[in-house]
Every structure is written in structure tokens, then in C-alpha cells.
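# Residue-level structural notes
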Amino acid sequence: AEYMGISESLGTSKSKMVRLAPVNIPFARRMQTLAVLTWAMLQPICIMLTIYLLLNPFTTLFMLLYIGFILFIDKAPVRGGRRFKFARNFFLWKLFRDYFPISLEKTVDLDPSKNYVFAYHPHGIISIGAFGNFGTDVTGFADMFPGITLRLLTLSINFKIPFFREYVMAQGLCDVGRDSINNILRKGPGHSVMIVVGGAKESLDARPKTYDLTLAERKGFVKLALVNGAALVPVFAFGETDVYEQVDNPEGSRTRRIQMWLQHKMGFALPLFNGRGIFNYDWGLLPRRTPIRAIVGAPIEVPKIATPTDEQVTEYHKKYMTALKDLFDSKKDIYARDRKKSIEFKK
């Protein structure tokens, strides 16, 4: 994205000085930045609010009861969640969409009488395109694929955070666990899931203009598709890895070893990334204004097998990887003309 000749994209500044945002930026662009800032701050705000209400003697009992409800009673995250159309179409998400911008493109129609396991690639640092396209309805998924009720899946820890969990469920997000996936796919025709397959490990390889996917040994989503007879749908988002830079952390380095240890202990990765700030284009935690274009590929039909063998899972996993590479190759010269390398499947 560019305004008054100042590019906000990665790698465009030849100066080592931090580029400050102009004072006379249009109001619409300021509102877009505010929307992205709000999105980025929702989780820490909810955590701080929880701590405050726990320490406040007037609200401590309420919070303890609420936390007990979360931990021991409410099973909504694994039973389809509590999605609200109003939340998914909230005006804030239109501003969020236009900031990058985020867009969606389909290659074929999908039969609403079937169920689907959508797989999103690449993970990037925090899967911004996945949320913008599939955690909201502002890029047209519902119009492109009528009759498909899609739920974006995320880590279970997100549903343990008071208040934040209500927000992500209102957006249609659910737990990424096996029971959750099975429950959703068995709700009836059209009910489908979106899994960001590369997960935390792949985020450590997210760098601009590269497409290193942790997929070579990720077969669990294929097995779940076979168990439920749900077609596999590859989704590739060009630009997902371009919104942040990341500190060098080659495999085997001390930085990568520490990150992998933290991922093993906490269940999520901590990539050391840099984006832009509120008032500058070079340093900060906000993503850069870089277009993200998600392409929804053709479904790969799979048989319904209650107990698929390893050979059957591997067979359809290979078919999936071939379809994903074909999808990437069909669009790479349109949306990734300045790529540094082609798509690569890693362990």
C-alpha cells in the first residue's frame, strides 16, 4: 500500500531511518488502522479486565463463577460455538478488511449438501487472512458459497480466556480439537470446518515472499476428513507471510531451539516479528498494509471410512498436497510475481 509516495510494504525503504506516517492521512485510513489496533488489542484487554475484576472485591465472586462456568460447564467451543451474524458483519471488520486489503476468490462452486474440511495455508505469523476471510462475512464467503456454514478453528486456550472467548465464538470460531471437528461435520449438510494446518510450528518459518509449509507429515486433518466423508478443500492465501518480518531463526539455531521448547511447553509458538507502528511504517506490532488474497480451490472428494488405514490416509494426503501445489502454481504469477522461492512442504 502506498500513500503520498511512501510505501508501507516490506523491504521498500532504502533508508535505515524510521519512516513516520504523514500528518494529513485521510480519515478513512486512520479508521482502518484503529480497527486493526482494536483487533490486535482485544485479547490483552480481556486478560487485563479479567485480572482487574478478580482483584476487585465487588466482582471477585462473579469472576470465580464465570471461570468455573468456562472450565467445567460450557462445552460450546467443541459443539459448534455461538456464532452471530451481527458480529460477523460488524462494521469494524469492513475497516479491518480494507486496511490490507483482504479478499477472497473462488475457483469452483461447492455443493451445499456436502460437508467440507477446508485447509488454510500458509499460517503466517497470526493467520490474519484466515480471520478476515473466514472469521467474518465481510469478504463475501457466504455469497460465494451459499449453504456452507463454515467454522474457523483455533487453539483451545483461546476459549479459556474470559470475555475473549465470547468474542471469538460470536465470530464463529471453535476449538480445533478432534471432538469439535467431528461434532461440527456431523451437524448436517453444509456444516464445514476451516483448519490452519501449519499451526504454531509453521509460524516460525513465516517470512515475506516465501512459502514454507509445515505439511509433509501433517495428516490428521486428512484422517478426520476420511472418517466423516468430508471433501478436502485447499485454500492458499497469497500475502499472508508478507505482513510481518521475522528475526532470523534457522533450524538448529539457539533462537529456534528456544522457540521450539516454548512451543512444546505452552502449546503455541512465539515468533520474534516486526511490523509497523501506529505512527510509523517500520517498527511495531501492527501488520503492514499488504494485500492478502485467499484462493479457494476445488474439493478433493474422499470416501467415508470409519477406521482409515495409514495407507489410505497417506494416499489422500498426497492427493491433497498435489492439489495445493497446483492451486499455488495456477495463481503464483498473478499474486506472487516477486516471490523469492516456490512453495515447499516441510516436516
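These notes cover the structure that comes with them. The written sequence of each chain sets the order in which its residues are numbered from 1. Given that the model is predicted, a residue must reach a pLDDT of at least 70 before its local features are reported, and side-chain atom pairs must reach 80 or more before they are shown or counted; all residues, however, enter totals for whole chains, interfaces and linings. Hydrogens and waters are ignored; side-chain quantities use all the structure's heavy atoms.

### Points about the overall build of the protein chain
For clarity, the threshold we go by: Counting from the N terminus, the helices are DSSP H or I runs at least four residues long and the strands are E runs at least two residues long. As a reference, a globule follows 2.2 Å times the number of residues to the power 0.38, and the radius of gyration itself is taken over C-alpha atoms. Exposed residues in this analysis have more than 50% of their type's maximum accessible area, buried residues have under 20%, and partly exposed residues fall in between, with area computed by a 1.4 Å probe over protein chains only.
When its secondary structure is counted, the protein chain shows 12 helices and 13 strands. Taking 20 Å as the expected radius of gyration for a compact globule of 347 residues, we find that the protein chain reaches 20 Å, a close match to that expectation. Viewed in the frame of its principal axes, the protein chain has a C-alpha envelope of about 60 × 60 × 45 Å. Buried residues in the protein chain amount to 52% of all 347 residues.

### Describing the pattern of salt bridges
Applied cut-off: For salt bridges, the criterion is a side-chain nitrogen of Lys or Arg within 4 Å of an Asp or Glu carboxyl oxygen.
Under the definition given, this model contains 24 salt bridges. A salt bridge links aspartate 333 to arginine 339, with the nearest nitrogen and oxygen atoms 3.1 Å apart. The network of salt bridges with common partners includes Asp74, Arg82, Arg165 and Glu166.

### Here's the deal with the environment of alanine 170
How we decide: The contact rule is simple, with two residues in contact once any of their heavy atoms fall within 4.5 Å.
By secondary structure assignment, the location of alanine 170 is in helix 7 (residues 164–170). Residues alanine 170 and tyrosine 320 lie 150 residues apart in sequence; the distance between their C-alpha atoms is 31 Å. In this structure alanine 170 touches Arg82, Arg83, Phe84, Ala87 and Arg88, once residues within four positions along its chain are discounted.

### Brief notes about the side chain of asparagine 249
Note the cut-off: Residues adjacent in sequence count toward polar contacts only when both atoms are side-chain atoms; beyond that, a polar contact is any pair of N or O atoms within 3.5 Å, and within protein one must be able to donate a hydrogen and the other to accept it.
With respect to the element layout, asparagine 249 can be found in the loop between strand 10 (245–246) and helix 11 (254–266). Polar side-chain contacts of asparagine 249 include one of 3.1 Å to the backbone oxygen of leucine 204. One polar contact links asparagine 249 to glutamine 246, side chain to side chain, over a distance of 3.5 Å. Setting aside its immediate chain neighbours within four residues, asparagine 249 contacts Leu204, Arg207, Thr255, Arg256 and Gln259.

### Details of the sheet that holds strand 7 (residues 191–196)
Note the threshold: Here a strand pair is declared whenever DSSP counts at least two bridges between the two strands. Here an axis means a line fitted to C-alpha atoms, over the contact stretch when the element is a helix, while the angle between two N-to-C directions is reported on a 0 to 180 degree scale.
An order of 3-12-9-4-7-5-6 is seen for the seven strands of this open sheet, with the pairing classed as mixed. Every interior strand has two partners, whereas the edge strands, strand 3 (102–106) and strand 6 (174–175), have only one. Running at roughly 30° to strand 9 (residues 231–238), helix 12 (residues 310–335) makes contact with strand 3, strand 4 (116–121), strand 9 and strand 12 (292–296) of the sheet.

### Concerning the nonpolar core
Formally: Residue types Ala, Val, Leu, Ile, Met, Phe, Trp, Tyr and Cys, when buried and joined through side-chain atoms within 4.5 Å, form a set referred to as a nonpolar core.
Counting residues in hydrophobic clusters, the biggest one holds 48 residues, and the most contacted among them are Phe96, Phe100, Phe118, Tyr120, Ile128 and Phe134. If one sorts the elements of this core by residue count, helix 4 (residues 91–99) sits on top with five residues. Residue contacts for phenylalanine 96: discarding those within four places in its chain leaves Ala35, Val36, Trp39, Ile102, Ile128, Phe131 and Gly132.

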